[in-house]
Amino acid sequence: MITLDGIVITVMMLAGSREAVLIIGLVMNLLHGMTAGVYLTKLALYVPQQKKCIVFGFGYGLGSIAT
């Protein structure tokens with residue numbers, strides 16, 4: 001998934017038309033979301049049940065700020 005995301009980012013940077021940028025941008029955002037969902041879900045597997053929401057929310061927020 002990360003490799004595919006890297007390929008899509010490269011294609012996005014080389015796209016010449018507005019339509020291509022829009023379509024490739026949508027695909028890129030879907031792949032970013034899938035990657036974030038997978039790693040945050042795996043992260044939440046290793047914490048107690050009472051703290052899963054805090055870990056997921058904090059991880060998502062920190063990832064958004066860092067990006």
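Let us look at the structure shown here. (Residues numbered from 1 in each chain as written. Predicted model: local features only at pLDDT ≥ 70, side-chain atom pairs only at ≥ 80, totals over all residues. Heavy atoms only, no water.)

**Quick word on the overall build of the protein**
Then, in step 1: Across its full length, the protein carries three helices and zero strands.
Then, in step 2: In sequence order, the secondary structure elements of the protein are arranged as α-α-α.
Then, in step 3: Taken over the C-alpha atoms alone, the protein extends approximately 50 × 20 × 15 Å along its principal axes.
Then, in step 4: Each of the 67 residues in the protein was classed as buried or not, and the buried ones make up 15%.
Then, in step 5: Long-range contacts, defined here as pairs at least 24 residues apart, represent 30% of the contacts in the protein between residues at least 6 apart.
Then, in step 6: When the accessible surface of the protein is summed, it comes to about 5300 Å², and 74% of that surface belongs to carbon and sulfur atoms. (Helix = DSSP H or I, 4+ residues; strand = E, 2+ residues; numbered from the N terminus. Buried < 20%, exposed > 50% of the residue type's maximum accessible area, 1.4 Å probe, protein only. Contact = heavy atoms within 4.5 Å. Areas by Shrake-Rupley, 256 points an atom, 1.4 Å probe, with all protein chains shown as cover.)

**A word on the packing of helix 1 (residues 2-14) against helix 2 (residues 18-45)**
Then, in step 1: Axis separation between helix 1 and helix 2 bottoms out at 9 Å; the angle between their running directions is 155 degrees. Taken together, the axes of helix 1 and helix 2 lie roughly antiparallel to each other. For the crossing formed where helix 1 meets helix 2, the hand is left-handed. Between helix 1, through Ile2, Leu4, Asp5, Val8, Ile9, Val11 and Met12, and helix 2, the contact on the second element is made entirely by Val21, Ile24, Gly25, Val27, Met28, Leu31, His32 and Thr35.
Then, in step 2: When grouped by side-chain class, the residues that make up the contact of helix 1 with helix 2 number 11 nonpolar, three polar and one charged. (Axes fitted to C-alpha atoms, helices over the stretch in contact; angles between N-to-C directions. Parallel < 35°, antiparallel > 145°, perpendicular 65-115°, else oblique. Left-handed = near helix turned anticlockwise from the far one by under 90°. Nonpolar A, V, L, I, M, F, W, Y, C, P; charged D, E, K, R; others polar.)

Worth remembering: the numbers are spatial, not functional.
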